[in-house]
Amino acid sequence: MPSPVPTPGAPCWIDLTTTDVPGARRFYADLFGWEYQTGDDEKYGGYVTATKEGRPVAGMMKKDDSQAGMPDVWSTYLRVDDAAATAKAVESSGGQVLVPPMDVPEQGHMAIFGDATGAAIGVWQPREMLGYELVAEPGAAAWHELHAKDYDAAVRFYKDVFGWETEVLSDTPDFRYTTMGSGMTAQAGIMDASGYLPDNIPSHWVVYFAVEDTDATVEKATAMGAALQDGPADSDFGRVAQLADPTGAVFRIIQPVAGQGT
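Computed from a prediction, not measured in an experiment: that's the story for all the values here.

> For this particular structure, what's the right way to read the overall build of the protein chain?
Counting secondary structure elements, the protein chain contains five helices and 16 strands. A compact globule built from 262 residues should have a C-alpha radius of gyration of about 18 Å, and the protein chain, at 17 Å, falls within 12% of that. Referenced to the eigenvectors of the C-alpha coordinate spread, the extents of the protein chain come out at roughly 45 × 45 × 35 Å. In the protein chain, which comprises 262 residues, the share counted as buried stands at 48%. A separation of at least 24 residues holds for 59% of the contacts in the protein chain among residues at least 6 apart in sequence.

> Explain a nonpolar patch on the surface to me, please; I cannot follow it from the model alone.
A surface patch of nonpolar side chains, about 280 Å² in accessible area, is lined by L169, F175 and F237. The residue L169 is located in strand 10 (residues 166-172) in this model. Residue class for L169 comes out partly exposed when judged on its relative accessible area of 42%.

> Even after reading the chapter, I still don't get the sheet that holds strand 8 (residues 120-126), so can you show me in this structure?
Strand pairing in a sheet is mediated by backbone hydrogen bonds. Such pairs are either parallel or antiparallel. One open sheet accounts for eight strands, arranged 2-3-4-1-5-8-7-6; its pairing is mixed. Each of the sheet's edge strands pairs with one partner strand only, and the pair in question is strand 2 (35-38) and strand 6 (96-104). Neighbouring strand axes in the sheet, compared pairwise and without regard to direction, differ in orientation by 25° on average.

> Even after reading the chapter, I still don't get the side chain of D115, so can you show me in this structure?
Looking at where D115 falls in the secondary structure, it is placed in the loop between strand 7 (108-114) and strand 8. An unpaired buried charge is present at D115: no salt bridge exists, and R156, the closest side chain of opposite charge, is 11 Å distant. At 2.7 Å, the side chain of D115 forms a polar contact with the side chain of T117. If we skip the residues at most four places from it in the chain, D115 touches G94, G95, L146, F157, Y158 and W205.

> Would you take a moment to explain the pairing of strand 16 (residues 250-256) for this structure?
The side chains of a regular strand alternate, first on one face of the sheet and then on the other. Looking at chain direction, strand 13 (residues 204-210) and strand 16 are connected through three bridges and run parallel. Bridging across to strand 16, Y208 finds its partner in R252. Of the strand pairs in this sheet, strand 15 (residues 238-244) and strand 16 are connected by seven bridges, and their pairing is antiparallel. What sits directly across from L243, in strand 16, is F251. Between strand 15 and strand 16, which pair antiparallel one after the other, the connecting turn spans five residues, and G248 there sits at a positive phi close to 100°.

About the criteria used
Residues numbered from 1 in each chain as written. Predicted model: local features only at pLDDT ≥ 70, side-chain atom pairs only at ≥ 80, totals over all residues. Heavy atoms only, no water. Helix = DSSP H or I, 4+ residues; strand = E, 2+ residues; numbered from the N terminus. Rg over C-alpha atoms; globule rule 2.2 N^0.38 Å. Buried < 20%, exposed > 50% of the residue type's maximum accessible area, 1.4 Å probe, protein only. Contact = heavy atoms within 4.5 Å. Patch = residues over 30% accessible without salt bridge, like charges linked within 9 Å, V, L, I, M, F, W, Y side chains within 5 Å. Areas by Shrake-Rupley, 256 points an atom, 1.4 Å probe, with all protein chains shown as cover. Salt bridge = Lys/Arg side-chain N within 4 Å of Asp/Glu carboxyl O. Pairing = 2+ DSSP bridges. Axes fitted to C-alpha atoms, helices over the stretch in contact; angles between N-to-C directions. Lys, Arg positive; Asp, Glu negative; His and termini not counted. Polar contact = N/O pair within 3.5 Å; in protein donor to acceptor, adjacent residues only side chain to side chain.

See the structure below:
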């Protein structure tokens, strides 16, 4: 199960870039029971922090003009000790810097990179804001998964740049999957997506949210304007479905197997 205490290289934060912040606030509040705090416009550009049980779980921000034409998206951030050094490692390992390291006053430093497969991944170098404080509980992030068109390049990249210690979960022609960490201490996964992602969909990260009841959550989400894209279906780890929120941002939900953490 992912740890709520961020460790170097592990996922530590998620946020939503959306064309409709008020609509997203309503949707996720109703779906996951989130409450919100809005940052100062001058310092933080009105960045919205979502909380559950008083603890931060995610962020939201409005899509700016430079992102016109790009889909609304959920992003995963990995914890790093030095965002500037990580940027150099990204470039030397076949990735690219999409948003250079920038200071977030008092909170930390962030950057967005393209990995060696073209998937966007954020990094967070913390100061006061360490990351999310609730993990694998209903309404909080439970898992992070890279769907990579070049699986081998992806595994090398995250080992080289972020120091991942990996374990091969499966290596069959139909299902190749590697995790950061192993067993119940795994933090994230990389899946070989070369066999199912169409040409027009690049490699990308997906966020899973824990829920108490996948089918009931799907019913509620679709009634509020979300689109069901896949599932619900049972897996070894729980009952899973993929949804797109009312403006198209894709996420997954998982109801863990009874008696098993996510």
